[in-house]
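Structural features, examined
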Amino acid sequence: MIKRNEVKIEETWDLTHLFATEQLFEEAIKTVAEEANLIELNFKNKITDAKKVLLVLADYKNLNEKMIPIGTYASLAYSVDQTDDAAQMRSAKVGQVFAKINADLSFITSELLQLEEAILIEAKNLSPDFAHYIEKLIRKKSYLLHPDAEKALAAFGATFDAPYELYNTTKLVDIQFEQFEVNGKTYPLSYNLFEGDWELESDTEIRRAAFEAFSTKLRQYQHTTAKTYDMHLKIEKTESDLRGYKSIFDFLLFNQEVDRELYNRQIDLITAELAPHMRRYAKLLQKVHGLENMTFADLKISLDPTYEPRISIEESRAYMKKGLAVMGENYQKMLDRAFDERWIDFAQNHGKSTGAFCSSPYGYHPFILISWTSRMNEVFVLAHELGHAGHFYLANAEQNVFNARPSLYFIEAPSTMNEMLMANYLLENSNDTRFKRWVISTIVARTYYHNFVTHLLEAAYQRKVYEIIDEGGSVNASILNKLKRSVLQDFWGDDVEIIEGAELTWMRQPHYYMGLYPYTYSAGLTIATQVSQRILREGNRAVEDWVNVLKAGGTKTPIELAQMAGVDITTDKPLRDTIAFIGSLIDQLEQLTEEIDHI
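The text that follows walks through the structure, step by step, so that each part is easy to find. (Residues numbered from 1 in each chain as written. Predicted model: local features only at pLDDT ≥ 70, side-chain atom pairs only at ≥ 80, totals over all residues. Heavy atoms only, no water.)

**Description of the overall build of the protein**
Counting its secondary structure elements, the protein contains 25 helices and 5 strands. Taking 599 residues into account, the globule formula puts the C-alpha radius of gyration at 25 Å, and the protein, at 24 Å, falls close to it. Each of the three principal axes of the protein carries a C-alpha extent, and together these read 80 × 55 × 50 Å. Taken over 599 residues, the protein has a buried fraction of 57%. If you take every contact in the protein between residues at least 6 apart in sequence, the share linking residues at least 24 apart comes to 77%. Side chains of the protein give 64 positive and 87 negative charges; the mean places of these two sets differ by 2 Å. (Helix = DSSP H or I, 4+ residues; strand = E, 2+ residues; numbered from the N terminus. Rg over C-alpha atoms; globule rule 2.2 N^0.38 Å. Buried < 20%, exposed > 50% of the residue type's maximum accessible area, 1.4 Å probe, protein only. Contact = heavy atoms within 4.5 Å. Lys, Arg positive; Asp, Glu negative; His and termini not counted. Charge placed at Lys NZ, Arg CZ, Asp CG, Glu CD.)

Okay, here's the thing in structure tokens:
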């Protein structure tokens, strides 16, 4: 794995779009600190009427817009090389500065909610731009603490983020993987190599040896990682109790604007009703690969690894343009800009964050991180992240900084939607049986397995963890291993052997430090599946509705956004229909495999 300074510049994103020089970055930090002081001087203990409400919100909005590129620059520079001392210190400095600003300005929320509601309603009516923000503020009123307590909590912001930082430091800096050996030949190993290559390796000996070596190294750090996670959970539980929520679940779901019913339904229905379909898929993999036994280490292999082509970054661009053409001309321009202006960091290097993500700073273009392996399935990964980019490219252009970001429940709908559009395009443009099987198997193995199985099982495990924490308990490595193993065994039954090391997958996921996030992947994909099917049926009319949903940003609840797209998530029908759709895809894979075997 090469070092960051050895990476080709054209494979990296261009952070000079945020700040051309380090000096400008430092000056921006100084500016926001000074402006925060002015806001405190001008408004603290002085917000008495609707006019003052609007004045302080206008200044606060402008300050937020200036803070966003600072935080984004520090975060992105750190994410591509967490071994970089300068990036570490820059990120820490920003965390400290922002914590102080948030503490100093915590009076804004406190004073606004101490006003009579009539004054807030008057302000809302005077300025539609702030109406949604004020409505969300009023909703929080019953969970607000004393102003001094709010300031203290805000001041500890950087400290409360420490468990996540510790997790990443352990994972991406301290853990050093040794090479592993198979039949006298050695192979390199790292987080990105394992998750991007070895998990998908078609050679069973190499794949299983990589899994064993990877798990052996993870196990050496399980106790530190578990203690770090327990610390994070205790912070969430303490704040939940302080604010008076009935449970930690209510606390974490509050900002998602959904209730426990939608949360539990997503986990319970998929666990019960998708499992039989995925077990059939596992058995199909076992049959095609001629495996004596199907193990957890074999679940991510391709149904037809000899067919999957290698693909260059430039070739992926052509697929993006064609596959997402249905989204219209403006969306196509965004795709061109993403490649031409280096919005995407493709490089594989030591210290880089695992997986892929999209950061969409308000007032700037999005930035996408991915570790490019040249496998064809990366087309779906890139389409996914460009779905996030397209969402905020449109929402940020239409909404102010307070209104642009939707509920976490909805956040994965636009990303998984792009995966479905890409699949639709590939299936429509080929009659080749083997290619069709490859596309459908990729949808199942990449799109649905990743979002409806991997993340959903993380959610089922996470729910068990939070139940312990909510009852006043604690967790350690032994408990977390036991919980994770039980979730995997319940889902896969006797059809997949949950080998040693499978239980350690809880150590691999940063989403656990982001509240109730994992289940939202399946929630978003449920919406995306239904809308993508509607686009196939109705064409431009459905696309126009979807684009309007993206432009709406966070001005609607998840239920309202789904309704705009023609999906009613207040019932279980969309989820059951999506599970049935996955089952139909596996039916097709079984049929196509039989046809190919008889050619």
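Having seen the model, we can carry on.
**Quick word on the sheet that holds strand β5 (residues 367-369)**
Within a sheet, adjacent strands bond to each other through the backbone by hydrogen bonds, running parallel or antiparallel. Taking strand neighbours across the sheet as the criterion, the 3 strands line up as β3-β5-β4 in an open arrangement whose pairing is mixed. At either end of the open sheet lies a strand with only one pairing partner, and these are β3 (344-345) and β4 (357-359). Pairing between β4 and β5: 3 bridges, direction antiparallel. Counted as the bridge partner of Ser359 is Phe367 from β5. Docked against the sheet, helix α2 (residues 50-79) engages β4 and β5, running at close to 155° with respect to β4. (Pairing = 2+ DSSP bridges. Axes fitted to C-alpha atoms, helices over the stretch in contact; angles between N-to-C directions.)

**Notes on the packing of aromatic side chains**
Taken as a whole and judged by the stated rule, the model has 41 aromatic pairs. Ring geometry for Tyr143 against Tyr245: centres 3.8 Å apart, planes inclined by 5°, an arrangement best described as stacked. Of this pair, Tyr143 sits in the loop between α6 (131-139) and α7 (147-155) while Tyr245 sits in the loop between α12 (222-243) and α13 (248-254), and the two are 102 residues apart along the sequence. Measuring from ring centre to ring centre gives 5.5 Å for Tyr187 and Trp198, while their planes differ by 80°; the resulting arrangement is edge-to-face. In this pair, Tyr187 is assigned in strand β2 (residues 185-187) and Trp198 in the loop between α10 (191-196) and α11 (204-219), connecting sequence segments 11 residues apart. Using a relative accessible area of 13% as the deciding quantity, one classes Tyr187 as buried. A relative accessible area of 11% places Trp198 in the buried class. Three or more aromatic residues link up through ring pairs in this structure, and these residues are Tyr164, Tyr167, Tyr229, Tyr461, Tyr512 and Tyr513. The residue whose ring lies beneath Arg139 is Phe254, and the NZ or CZ to ring-centre distance is 3.9 Å. Lys171 extends its terminal NZ or CZ atom over the ring of Tyr191, reaching a point 4.9 Å from the ring centre. (Phe/Tyr/Trp six-rings, centres within 6.5 Å; stacked < 30°, edge-to-face > 60°. Lys NZ or Arg CZ within 6 Å of the ring centre and 35° of its normal.)

**Considering unusual backbone geometry**
Although it is not a glycine, Asn45 adopts a positive phi angle of roughly 65°. Counting through the fold element by element, Asn45 comes out in the loop between α1 (22-43) and α2. Residue classification places Asn45 among the exposed residues on the basis of a relative accessible area of 66%. Although it is not a glycine, Arg342 sits at a positive phi angle of roughly 60°. Its location among the elements puts Arg342 in the loop between α17 (329-340) and β3. Look at Arg342 and you get partly exposed, because its relative accessible area is 23%.

**Considering α6**
Given 3.6 residues per turn, any residue in an α-helix points the same way as the ones three and four places further on. What α6 keeps buried is the set Ala131, His132, Tyr133, Ile134 and Leu137. Where α6 is buried, its residues contact α2, α4 (107-114) and α5 (117-126).

**Some remarks on the side chain of Ser215**
The residue Ser215 is located in helix α11 in this model. Relative accessible area serves as the criterion here: at 4%, Ser215 is assigned to the buried category. Discounting residues that sit within four places of it in the chain, Ser215 has contacts with Gly501 and Leu504.

**What to know about the side chain of Asn349**
Looking at the element boundaries, Asn349 is found in the loop between β3 and β4. The exposure class of Asn349 is buried, given its relative accessible area of 1%. Within the structure, the side chain of Asn349 is placed 3.0 Å from the side chain of Arg4, a separation counted as a polar contact. (Polar contact = N/O pair within 3.5 Å; in protein donor to acceptor, adjacent residues only side chain to side chain.)

**A short note on the pattern of salt bridges**
This structure, assessed with the given rule, holds 42 salt bridges. Of the charged contacts in the structure, one is a salt bridge between Glu199 and Lys300, with a shortest N-O distance of 3.8 Å. Of this pair, Glu199 sits in the loop between α10 and α11 while Lys300 sits in the loop between α15 (275-289) and α16 (313-323), and the two are 101 residues apart along the sequence. For Glu199, a relative accessible area of 11% gives the class buried. Exposure remark for Lys300: the relative accessible area of 25% places this residue in the partly exposed category. Among the charged side chains, a salt-bridge network with shared partners connects Glu195, Glu199, Lys300 and Arg508. (Salt bridge = Lys/Arg side-chain N within 4 Å of Asp/Glu carboxyl O.)

**Re the environment of His450**
Within the secondary structure, His450 is located in helix α20 (residues 433-470). The contact partners of His450, leaving out residues within four places of it in the chain, are Ala445 and His455.

**Re the environment of Phe107**
With respect to the helices and strands, Phe107 occurs in helix α4. For Phe107, a relative accessible area of 6% puts it in the buried group. With 60 residues separating them in the primary sequence, Phe107 and Ile47 have C-alpha atoms 9.8 Å apart. The contacts of Phe107, once residues within four sequence positions are left out, are Ile39, Glu40, Phe43, Lys44 and Ile47.

**Let's talk about the packing of α20 against helix α21 (residues 477-492)**
When two helices pack together, you describe them by how their axes are tilted relative to each other and by the distance separating the axes. Two numbers describe how α20 lies on α21: the axes approach to 10 Å, and their chain directions differ by 135°. Taken together, α20 and α21 sit at an angle that is classed as oblique. In this structure, the crossing between α20 and α21 has a hand that is right-handed. Residues Tyr449, Val453, Leu457, Glu458, Ala460, Tyr461, Lys464, Val465 and Ile468 of α20 lie in contact with α21, whose contacting residues are Ile479, Leu480, Leu483, Lys484, Ser486, Val487, Leu488, Phe491 and Trp492. By residue class, the composition of the contact of α20 with α21 is 14 nonpolar, 1 polar and 3 charged. (Parallel < 35°, antiparallel > 145°, perpendicular 65-115°, else oblique. Left-handed = near helix turned anticlockwise from the far one by under 90°. Nonpolar A, V, L, I, M, F, W, Y, C, P; charged D, E, K, R; others polar.)

**Side note on the nonpolar core**
Core analysis: the largest hydrophobic core is formed by 144 residues, its most contacted members being Met278, Leu382, Trp492 and Trp546. Counting residues per element, this core draws most heavily on α20, at 18 residues. Once residues within four sequence positions are removed from consideration, Leu382 is found in contact with Ser316, Met320, Phe339, Ile344, Phe346, Ile368, Ile370 and Trp372. By size, the runner-up hydrophobic cluster in this structure holds 49 residues, among which are Ala50, Leu54, Ile134 and Val401. (Core = buried A, V, L, I, M, F, W, Y, C linked by side-chain atoms within 4.5 Å.)

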